[in-house]
Amino acid sequence: MTTTLLITTYNWPEALNCTLESIKNLNLMPDEIVIADDGSTKETEVLIKEWQKKIKTPIIHSWQEDIGFRAAASRNKAIAKSSGDYIIMIDGDLILHPNFIKDHIKNSQINQFTIGTRVLLNEAYSAEILLKKPVNFQVKSKNILANSKNKINNSLLSRLISYKTNSYKQVRSCNMACFKSDLIKVNGFNEDFIGWGREDTELVVRLLNAKIARKNIKFNANVLHIFHPENSKKMLQTNDLILEKVIKEKLKKCENGLNKHL
């Protein structure tokens, strides 16, 4: 099984650099890295070109024009460019545990997608990290804003505590993995979503409707989340209506999705 690590980013090269630094420290590298860039400026492009020289793993820069928050379209274009059987999705403001890829592979299963957890770092410590402090997964409790227990990486605990669920609640596509074939089956992310919110939940609803099970991974595949202000929620009401339609009609595929780019 080959793996693609898909990273979303938009005009925050300092955070993306921290993510790539943590990838350099992985015990097992993905077969490729695809960066889903929602229209960043030249600075991000320059950073990615530097990292393409630093590590042996191929890095593909998938860029689209900046005409507003279009995370769904950006991810679909990156998925279309990917060659891995298994796609592990993260955001470009995360620090990965060294076992991150290994843990996701260990939890992979046909007809199943996985949702991981995250530790929220506080604002002051996040600022230190962004100022070129050495990036690693060792973090003291005083530097954590929330979810401190999620920094524990223990395979025995993970086997005992991880579980399957049919719920579409508490979705985090910043730490999610799925077989590419299953993403194709439901036509990927719904590009009707413009602006922040619900595009990841709606994808999960369609995966569940397609009988692809959800597994919540605990104490494995851990990430630290660099603090940032919340995104604008001005499109949330509109996006909620799209989500409600998919739930009500039990849809498995979206019309405006991945197949446009394949």
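Every residue gets a number counted from 1 within its own chain, in the order that chain's sequence is written. For a predicted model such as this one, the threshold for reporting local features is a pLDDT of at least 70, and the threshold for listing and counting side-chain atom pairs is 80 or more; totals across whole chains, interfaces and linings nevertheless cover every residue. Derived side-chain values reflect all non-hydrogen atoms in the structure, with water molecules and hydrogen atoms excluded from consideration.

Peer 1: Account for the overall build of the chain, with residues named and values stated.
Peer 2: Comment: elements are numbered from the N terminus, with helices defined as DSSP H or I runs of at least four residues and strands as E runs of at least two. Counting secondary structure elements, the chain contains nine helices and 12 strands. Principal axes of the C-alpha set define a box for the chain whose edges measure 50 × 45 × 35 Å. Exposed residues in this analysis have more than 50% of their type's maximum accessible area, buried residues have under 20%, and partly exposed residues fall in between, with area computed by a 1.4 Å probe over protein chains only. Buried residues in the chain amount to 54% of all 262 residues. Counting every atom, the chain has about 12,300 Å² of accessible surface; 52% of that belongs to carbon and sulfur. Charge assignment in this entry is limited to Lys and Arg as positive and Asp and Glu as negative, and neither His nor the chain termini are counted. Where a charge lies is defined by one atom per residue type: Lys uses NZ, Arg uses CZ, Asp uses CG and Glu uses CD. Separation of charge centres in the chain, based on 39 positive and 28 negative side chains, amounts to 7 Å. A 1.4 Å probe and the Shrake-Rupley method give the accessible areas. Residues count as covered only by the protein chains that appear here.

Peer 1: Before we move on, can you summarise the sheet that holds strand β3 (residues 59-63) with the specific residues and values?
Peer 2: Should DSSP find at least two bridges between two strands, the strands are regarded as paired. If you trace the eight strands from one edge of the open sheet to the other, you get β3-β2-β1-β4-β10-β6-β11-β9, paired in mixed fashion. Each edge of the open sheet carries a strand with a single partner, namely β3 and β9 (163-165). The average angle at which neighbouring strand axes cross in this sheet is 25°, direction not considered. Relative to strand β11 (residues 213-216), β9 is paired through three bridges, and the arrangement is antiparallel. Bridge pairing in β11 links T165 to R214. Two residues qualify as a contact provided that any one of their heavy atoms is within 4.5 Å of a heavy atom in the partner residue. Here an axis means a line fitted to C-alpha atoms, over the contact stretch when the element is a helix, while the angle between two N-to-C directions is reported on a 0 to 180 degree scale. Against the sheet, helix α3 (residues 71-81) contacts β1 (3-9), β2 (32-37), β3 and β4 (86-91), and its axis sits at roughly 155° relative to β2. On top of the sheet, helix α8 (residues 199-209) reaches β6 (112-115), β9, β10 (175-179) and β11; it is set at about 35° to β10, its chief contact.

Peer 1: Please set out a nonpolar patch on the surface residue by residue, giving values where relevant.
Peer 2: What goes into a patch is any residue over 30% in relative accessible area without a salt bridge, connected to like charges within 9 Å or, for nonpolar side chains (Val, Leu, Ile, Met, Phe, Trp, Tyr), within 5 Å. Throughout this description, the term salt bridge denotes a Lys or Arg side-chain nitrogen within 4 Å of a carboxyl oxygen of Asp or Glu. A cluster of nonpolar residues, I152, L156, L157, L160 and I161, forms a patch on the protein surface that exposes about 440 Å² of accessible area. For L160, the location among the structural elements is in helix α6 (residues 155-161).

Peer 1: Before we move on, could you go through the packing of helix α1 (residues 13-24) against helix α2 (residues 42-54) and cite the residues and values that matter?
Peer 2: Contact geometry of α1 with α2 gives a least axis separation of 10 Å together with a crossing angle of 15°. With respect to each other, α1 and α2 are oriented roughly parallel. Every pair of crossing elements has a handedness; the one defined by α1 and α2 is right-handed. Along its contact with α1, which presents P13, E14, L16, N17, L20, E21 and K24, the element α2 presents E43, T44, L47, I48 and W51. Each angle is binned into one of four classes, with values under 35 degrees roughly parallel, values over 145 roughly antiparallel, values of 65 to 115 roughly perpendicular, and all other values oblique. Two helices crossing with the near one rotated counterclockwise from the far one by less than a right angle form a left-handed crossing, whereas a clockwise rotation gives a right-handed crossing.

Peer 1: An account of unusual backbone geometry is needed here, citing residue identities and associated values.
Peer 2: It is generally the case that most residues other than glycine have a negative phi and that most peptide bonds are trans. One non-glycine residue with positive phi stands out, namely F219, at about 60°. As for its position among the elements, F219 is in the loop between β11 and β12 (223-225). Using a relative accessible area of 14% as the deciding quantity, one classes F219 as buried. In this structure, A221 is a non-glycine residue whose phi angle is positive, near 50°. Note on placement: A221 falls in the loop between β11 and β12. Residue A221 is classed as buried on the basis of its relative accessible area of 0%.

Peer 1: Outline the sheet that holds strand β5 (residues 94-96), listing residues and values.
Peer 2: Taken in spatial order, the four strands line up as β5-β12-β7-β8 in an open sheet, and their pairing is mixed. Of all strands in the sheet, those with a lone pairing partner are β5 and β8 (144-146), marking the two edges. Between one strand axis and the next, the sheet turns through 35° on average, direction left out of account. For strand β7 (residues 119-121) and β12, the ladder comprises two bridges, and the chain directions are parallel. Within the sheet, the bridge partner assigned to V119 lies in β12 and is L224.

Peer 1: Please give an account of the pattern of salt bridges that cites residues and values.
Peer 2: All chains considered together, the criterion is met by 11 salt bridges. R75 serves as the salt-bridge partner of E199, at 3.6 Å between the closest nitrogen and oxygen. Residue E199 is located in helix α8, and its partner R75 is located in helix α3; the two are separated by 124 residues in the primary sequence. Judged by its relative accessible area of 7%, E199 falls in the buried class.

Peer 1: Could you give an account of helix α9 (residues 236-249), naming the residues involved and the relevant values?
Peer 2: Here, expected helix span is obtained from the residue count minus one, scaled by 1.5 Å. In this model, α9 (14 residues) spans 20 Å end to end at C-alpha, consistent with the 20 Å of a helix rising 1.5 Å per residue. Listed in full, the buried residues belonging to α9 are L236, N239, I242, L243 and V246. For α9, the angular spread of the buried residues around the axis is 120°, confining them to a single face. The outward face of α9, more than 90 degrees from its buried face, is lined by the exposed residues Q237, L241 and K248. On its buried face, α9 is in contact with α8. What the arc describes is the spread of directions from the helix axis to the C-beta atoms.

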